[in-house]
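# Inside the fold
Listed here are the chains, written in short residue letters.
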Amino acid sequence: MKLGVLISGRGSNLQALIDATADPAFPAEIAVVISNIADVQGLERAAKAGIPTAVVDHKAHDGRPAFETALTATLEGHGVRLVCLAGFMRLLTKGFVDHWRDRIINIHPSLLPAFKGLNTHERVLHYGVKFTGCTVHYVRAEMDDGPIIVQGAVPVLPGDTADSLGARVLGVEHRIYPLAVRLVAEGRARVIGNAVNVDQPPGDGDGTANIVVINPAG
Ligand code: GRF
């Protein structure tokens with residue numbers, strides 16, 4: 001399955017996908033990496049891996065629909081079947097999301113539907129919750145909303161700062177994004193209503209393929 005990865009910056013989740021797809025047994029490959037900002041680290045990571053890159057600058061387009069038309073043209077020009085948002089910092093219109101319905105996924109650094117939006121780790125610490133984590137979900141028109149494919153749970157530890165907690169969560173993001181892409185590419189993450197049913201291959205595991213729990217030492 002050909003992936004198109006949309007980024008706006010550092011691209012550490014992109015790197016996790018690059019590393020996973022380097023395995024010939026992985027059921028997906030990255031066809032193109034698109035950034036809305038030039039000269040970001042994620043573009044360098046893609047170039048280093050020999051993956052085609054493109055910059056589609058939102059400021060160079062007259063309005064969101066024109067920007068998104070350019071995004072779709074670039075994605076479809078590379079034969080993309082699944083769009084992976086990986087730190088892509090533009091809100092997408094319903095038109096774009098509907099065009100790619102059930103073919104576009106996102107990673108968010110919280111256990112959705114809690115803590116949508118930005119500054120998740122600061123708010124997690126403010127509320128004093130004991131567990132947080134990260135979520136890969138199919139994208140719907142509302143921000144950080146949509147059927148959940150995989151979640152990883154991470155404990156909040158005494159003395160945590162937003163940075164220390166964010167680093168712990170990011171480590172799990174790098175595990176669950178490739179896992180979610182694998183489940184989608186293998187046709188095992190089927191949307192049923194507002195939820196995702198993950199099919200287990202016969203004889204494989206205990207039905208928890210889309211749950212990752214990290215222990216404090218992990
Ligand atoms: C990640 O925390 C991701 O969950 C969020 O944006 C951040 C992107 O980081 N959507 P990176 O660019 O993948 O390093």
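These numbers were taken from a predicted model, which means no experiment stands behind them. One numbering rule holds for all chains: residues counted from 1, following each sequence as written. Restriction of local features to residues with pLDDT of at least 70 applies here, the model being predicted, together with a cutoff of 80 or more for giving and counting side-chain atom pairs; totals for whole chains, interfaces and linings are based on all residues. Remark: hydrogens and water are excluded; side-chain values derive from all non-hydrogen atoms of the structure.

### Some words on the packing of helix H1 (residues 12-21) against helix H2 (residues 41-48)
- Orientation is described by axes fitted as lines to C-alpha atoms, over the contacting stretch for helices, and by angles from 0 to 180 degrees between their N-to-C directions. Comment: elements are numbered from the N terminus, with helices defined as DSSP H or I runs of at least four residues and strands as E runs of at least two. At their nearest, the axes of H1 and H2 sit 9 Å apart, and the two run at 15 degrees to each other. When the axes of H1 and H2 are compared, the pair comes out roughly parallel. Our pair here, H1 against H2, has a crossing hand that is right-handed. In this structure, H1 uses Ser 12, Leu 14, Gln 15 and Ile 18 to contact H2, whose residues at the interface are Gly 42, Arg 45 and Ala 46.
- Put simply, Ala, Val, Leu, Ile, Met, Phe, Trp, Tyr, Cys and Pro go in the nonpolar bin, Asp, Glu, Lys and Arg in the charged bin, and everything else, Gly too, in the polar bin. Among the residues making up the contact of H1 with H2, the classes are represented as three nonpolar, three polar and one charged. Relative orientations are named as follows: roughly parallel for angles under 35 degrees, roughly antiparallel for angles over 145 degrees, roughly perpendicular for angles from 65 to 115 degrees, and oblique for any other angle. The handedness criterion is simple: a crossing whose near helix is rotated anticlockwise from the far helix by less than a right angle is left-handed, and one whose near helix is rotated clockwise is right-handed. In what follows, residue pairs with any heavy atoms lying within 4.5 Å of each other are defined as contacts.

### Section: the sheet that holds strand S1 (residues 2-7)
- Between any two strands, pairing holds if DSSP finds at least two bridges. Strand order across the open sheet formed by eight strands is S3-S2-S1-S4-S5-S6-S7-S10, with mixed pairing between neighbours. The sheet is open, and its two edges are formed by strand S3 (53-55) and strand S10 (211-213), each paired on a single side. Averaged over all adjacent pairs, the angle separating strand axes in this sheet is 20 degrees, with direction ignored.
- Bridge count between strand S6 (residues 131-138) and strand S7 (residues 148-155): seven bridges; the pairing is antiparallel. Note that in S7 the partner of Cys 134 across the bridge is Gly 152.
- Docked against the sheet, H1 engages S1, strand S2 (29-35), strand S4 (82-85) and strand S5 (104-108), running at close to 160 degrees with respect to S2.
- Sitting on the sheet, helix H3 (residues 64-77) is in contact with S1, S2, S3 and S4, with an inclination near 155 degrees to S2.

### Observations regarding the environment of His 174
- Tracing the backbone through its elements, the reader meets His 174 in helix H6 (residues 162-185).
- Taking C-alpha positions, His 174 is 21 Å from Thr 53, a pair spaced 121 residues apart along the chain.
- Discounting chain neighbours no more than four positions away, the residues touching His 174 are Ser 12, Asn 13 and Ala 16.

### Overview of the site of the ligand
- Within the structure, the ligand sits among Arg 10, Gly 11, Ser 12, Asn 13, Gly 87, Ile 107, His 108, Pro 109 and Glu 173.
- Measuring from an oxygen atom of the ligand, one finds a side-chain N or O atom of Arg 10 at 2.5 Å.
- Residue Gly 11 places a main-chain N or O atom 2.8 Å away from an oxygen atom belonging to the ligand.
- Taken together, the elements giving at least two residues each to the shell around the ligand come down to H1 and S5.
- The class makeup of the residues in the shell around the ligand is two nonpolar, five polar and two charged.
- Each of two domains, domain 1 (1-100) and domain 2 (107-218), supplies a minimum of three residues to the shell around the ligand. Nearness of a residue to a molecule or strand requires only that one of the residue's heavy atoms be within 4 Å of it. In the analysis that follows, any N or O atom pair within 3.5 Å is treated as a polar contact, provided that within protein one partner can donate a hydrogen and the other can accept it, and provided that, for residues neighboring in sequence, both atoms belong to side chains. Residue ranges assigned to each domain were obtained from an automatic or database domain assignment.

### Let's talk about the pattern of salt bridges
- Throughout this description, the term salt bridge denotes a Lys or Arg side-chain nitrogen within 4 Å of a carboxyl oxygen of Asp or Glu. Under the counting rule described, the total for this entry stands at seven salt bridges.
- The salt bridge involving Arg 188 is made with Glu 186; its shortest N-O contact spans 2.7 Å.
- Only protein chains enter the accessibility calculation, which uses a 1.4 Å probe; a residue whose area is less than 20% of its type maximum is buried, one above 50% is exposed, and one in between is partly exposed. What makes Glu 186 partly exposed here is its relative accessible area of 33%.
- In this structure, the salt-bridge partner of Asp 199 is Arg 190, at a minimum N-O distance of 2.9 Å.
- Linked through salt bridges whose partners overlap, the residues forming this network are Arg 182, Glu 186 and Arg 188.

### With respect to the domain arrangement of the protein
- Examined at the domain level, the protein breaks down into domain 1 (1-100) and domain 2 (107-218).
- Centre-to-centre, using C-alpha coordinates, domain 1 lies 21 Å away from domain 2.
- Counting from both sides, the interface comprises 20 residues of domain 1 and, opposite them, 16 residues of domain 2.
- Values labelled buried area give the accessible surface lost by two parts on being combined, using a 1.4 Å probe and summing over both. Carbon and sulfur atoms supply 75% of the area buried between domain 1 and domain 2, which totals about 1500 Å² over both sides.
- For the pair domain 1 and domain 2, the interface holds zero salt bridges.

### With respect to the packing of aromatic side chains
- Working definition: rings of Phe, Tyr and Trp (its six-membered ring) pair if their centres are within 6.5 Å, and the pair is stacked with planes under 30 degrees apart, edge-to-face with planes over 60 apart, and tilted otherwise. Overall, the coordinates contain three aromatic pairs when judged by the stated rule.
- Measuring from ring centre to ring centre gives 6.5 Å for Phe 96 and Trp 100, while their planes differ by 45 degrees; the resulting arrangement is tilted.
- The exposure class assigned to Trp 100 is buried, which follows from its relative accessible area of 0%.

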